[in-house]
Amino acid sequence: MAAWPNPTHPLLLVAALLAFEDWLATPSCSGGLPAARGPGELRAMMVADLMLVGSDATYADRFFRDHIMYKFFANSIQTLKPDVIVVLGDISAKGSELTERKWISVIEQFEGILGHHSSLPLLITLGDKDVGTCATLDRKFVQRRAKHLPGLDSCGCGAFEISNVSFVSLNAVALLCGNNNLRLGVEKFMERESHHFQRLNEAGCYPSGCESREGSTEVSWRQNSMESGSGPVVLLHFPLHKLDAEFTGVTTSSEAIVSDHSSVSSSSKQREIYDRLHTLPVNSTQYILQSLKPRIVFSAHTGSFLDFLHADGTREVTVPAMTWKTRGVPGFVITTFDIKGAMTLKCCWLAQEWHVIIGCLAFLCVTALAIRLSH
């Protein structure tokens, strides 16, 4: 067998293939990479629907998917330099079926994928695969899940202040499912947050955060005098309802939409909402928009990217799934908040699984050939 003319050629070939693998794991962002951050700006990496399985991971998960996802996160974080990572639900593929120990293993699996970047601030909202569907939603179970996630209360909601940007995380599963023992707790949480931001606006403090957040003071529901867009960044798993263009003049998404969910009470109708629409009911949507006056809303669940403007001017961005286990190309959203209240965002995409598989197979085959020829 003929030898390589130069013994360094196999090493160069391996280096080229490793560079190709690294290129496959580098995100491609719409309109190019974001500009360098200015002083006082906050950059958030929004991901969703990771569908991790923790200790139930197969060899393919552990030695292929987790490895590639680790490179995806490492390259994305090194390139885009986010200050915080936000997971918009469904961190687990079947969290509602897991024991508490196995749920912890899902969190540990995600921390392993993040590697040394797990030291970044992490905000996680709950999704239906994390806590169950309408038929099985249970307050005590949600509480056991939420206690292992940073900043969430017993209802699965949380409020966070990072670099003078306020985030409010809502348990959208409880709002989707109508009458359940969690919904009232989520609505009371929104009342408290609404009162908090009204006081900040009246004092001229928001978004600078000139007073500390009040913890658990319950207030009665009242008319909100805040202007649209003057509230917090709202995080939730299910998208808000998108009213039909016939009523609002706003173009709807491609999914079928019913005109009103507020009168839906039967379990079969609730199941239809969950299976077909994957959006919150109209009354819950209006409740969120009117009480919190969101600066922007980030949602997930659909697996695809959507940038939508509601009738009141509230912007909602639906984040694509960052997994190969759903249809579509995996991706995430990178958002930059500046100190003047403006924000910019880009959707970034990762390679499809079959592209990565072909690249890895090519790497193995050519490396084996190089070793064989070198001998």
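Above this text is the structure in question.
In this text the structure is predicted, and so the values were computed from the model without any measurement.

Considering the overall build of the protein chain
Next, step 1: Tallying secondary structure elements over the protein chain gives 11 helices and 12 strands in all.
Next, step 2: In the protein chain, which comprises 375 residues, the share counted as buried stands at 50%.
Next, step 3: For the protein chain, long-range pairs separated by at least 24 residues make up 72% of all intrachain contacts whose partners lie at least 6 apart in sequence.
Next, step 4: Just so you have it, the protein chain exposes about 17100 Å², and 55% of that area is on carbon and sulfur atoms.

Some details on the sheet that holds strand S10 (residues 315-318)
Next, step 1: One open sheet accounts for six strands, arranged S5-S6-S7-S8-S10-S9; its pairing is mixed. The open sheet has two free edges, formed respectively by strand S5 (158-162) and strand S9 (306-309), since each of these has just one partner strand. The mean inter-strand angle of the sheet, taken between neighbouring strand axes irrespective of direction, is 20 degrees.
Next, step 2: As judged from the three bridges shared by strand S8 (residues 296-299) and S10, these two strands associate in the parallel manner. Paired with Val-297 across the strands is Glu-316, a residue of S10.

As for the side chain of Asp-66
Next, step 1: If you trace the backbone, Asp-66 turns up in helix H2 (residues 59-80).
Next, step 2: A polar contact is formed between the side chain of Asp-66 and the side chain of Gln-109, at a distance of 3.0 Å.
Next, step 3: Excluding its chain neighbours within four sequence positions, the residues that come into contact with Asp-66 are Asp-61, Gln-109 and Ile-113.

Overview of empty space enclosed by the protein
Next, step 1: One pass over the full model with this rule turns up three cavities of 30 Å³ or more.
Next, step 2: Reported here for the largest cavity is a volume of approximately 140 Å³.
Next, step 3: Considering the residues around the largest cavity, the lining is formed by 14 residues, among which Leu-50, Leu-52, Arg-65, Thr-323 and Lys-325 are closest to the centre.
Next, step 4: Mapped onto the lining of the largest cavity, the elements with two or more residues apiece are H2 and helix H3 (100-114).

Overview of the sheet that holds strand S1 (residues 28-29)
Next, step 1: The strand order across the open sheet built from six strands is S1-S12-S11-S2-S3-S4, with neighbouring strands paired in mixed fashion. In the strand order of this sheet, the two ends are held by S1 and strand S4 (122-125), each with one partner.
Next, step 2: Where strand S2 (residues 42-47) meets strand S3 (residues 84-88), four bridges bridge the pair, whose relative direction is parallel. Paired with Ala-44 across the bridge in S3 is Val-84.
Next, step 3: The strands touched by H2 are S1, S2, S3, strand S11 (331-337) and strand S12 (343-349); relative to S2, the strand with the most contacts, the crossing angle is about 160 degrees.

A word on the packing of aromatic side chains
Next, step 1: For the structure on display, the rule yields two aromatic pairs.
Next, step 2: A centroid spacing of 6.0 Å and a plane angle of 90 degrees characterise the contact between Phe-167 and Phe-337, whose relative ring orientation is edge-to-face. Of this pair, Phe-167 sits in strand S6 (residues 165-169) while Phe-337 sits in strand S11, and the two are 170 residues apart along the sequence. Of the two residues, Phe-167 and Phe-337, both sit in the buried class.

Concerning the packing of H2 against H3
Next, step 1: Between H2 and H3, the least distance of the axes is 7 Å, while the angle of their chain directions is 55 degrees. By the angle between their axes, H2 is oblique relative to H3. Along its contact with H2, which presents Asp-66, Met-69, Tyr-70, Phe-73 and Ile-77, the element H3 presents Gln-109, Phe-110, Gly-112, Ile-113 and Leu-114.
Next, step 2: Looking at side-chain class alone, the contact of H2 with H3 contains seven nonpolar, two polar and one charged residues.

A closer look at the pattern of salt bridges
Next, step 1: This model, assessed by the stated rule, comprises six salt bridges.
Next, step 2: Taking the shortest distance from any N to any O, the salt bridge between Lys-102 and Asp-56 comes out at 3.2 Å. One end of the pair, Lys-102, is in helix H3; the other, Asp-56, is in the loop between S2 and H2, with 46 residues separating them in the sequence.
Next, step 3: You can call Lys-102 partly exposed: its relative accessible area is 32%.
Next, step 4: One continuous salt-bridge network, built from bridges that share partners, spans Asp-56, Lys-94 and Lys-102.

Focus on unusual backbone geometry
Next, step 1: The backbone phi angle of Lys-293 is positive, close to 45 degrees, even though this residue is not glycine.
Next, step 2: Position of Lys-293 among the secondary structure elements: in the loop between helix H10 (282-292) and S8.
Next, step 3: Its relative accessible area of 14% is what places Lys-293 among the buried residues.
Next, step 4: Although it is not a glycine, His-301 adopts a positive phi angle of roughly 80 degrees.
Next, step 5: On the accessibility criterion, His-301 (15% relative accessible area) is buried.

The rules behind the values
In this convention, every chain numbers its residues from 1, walking through the sequence in written order. For this predicted model, a pLDDT threshold of at least 70 governs which residues receive local features, and a threshold of 80 or more governs which side-chain atom pairs are given and counted, while totals over whole chains, interfaces and linings are taken from all residues. As a rule here, side-chain values come from all non-hydrogen atoms in the structure, and water together with hydrogens is ignored. Here a strand is any run of E in DSSP of at least two residues, a helix any run of H or I of at least four, and the numbering for each starts at the N terminus. Summary of the burial criterion: residues with accessible area below 20% of their type's maximum are buried, those above 50% are exposed, and those between are partly exposed, where the area comes from a 1.4 Å probe applied to protein chains only. Contacts: residue pairs with any heavy atoms within 4.5 Å of one another. All accessibility values rest on the Shrake-Rupley procedure with a 1.4 Å probe; residue burial counts only the protein chains present in the view. At least two DSSP bridges between two strands are needed for those strands to be called paired. The angle between two axes is taken between their N-to-C directions and runs from 0 to 180 degrees, where each axis is a line fitted to C-alpha atoms and a helix contributes only its stretch in contact. Polar contacts, as used here, are pairs of N or O atoms within 3.5 Å; protein pairs need one atom able to donate a hydrogen and one able to accept it. Residues neighboring in sequence count only if both atoms are side-chain atoms. Throughout, the protein atoms alone are placed on a 1 Å grid, and a set of points is a cavity if a 1.4 Å probe fits but cannot get out or a pocket if it is open with protein on both sides within 12 Å along at least five of seven lines; lining residues have an atom within 4 Å of a point. Grid points are joined across faces, edges and corners, and a volume is the space filled by probe spheres set on the points. Each Phe, Tyr or Trp ring, with Trp reduced to its six-membered ring, pairs with another whose centre is within 6.5 Å; inter-plane angles below 30 degrees give stacked pairs, above 60 give edge-to-face pairs, and intermediate values give tilted ones. Under this scheme an angle from 65 to 115 degrees is roughly perpendicular, one under 35 degrees roughly parallel, and one over 145 degrees roughly antiparallel; angles in between are oblique. In this classification, the charged set is Asp, Glu, Lys and Arg, the nonpolar set is Ala, Val, Leu, Ile, Met, Phe, Trp, Tyr, Cys and Pro, and all remaining amino acids, among them Gly, are polar. By convention in these notes, a salt bridge is any Lys or Arg side-chain nitrogen within 4 Å of a carboxyl oxygen on Asp or Glu.

Note that all results are geometric; they support no functional claim without further evidence.
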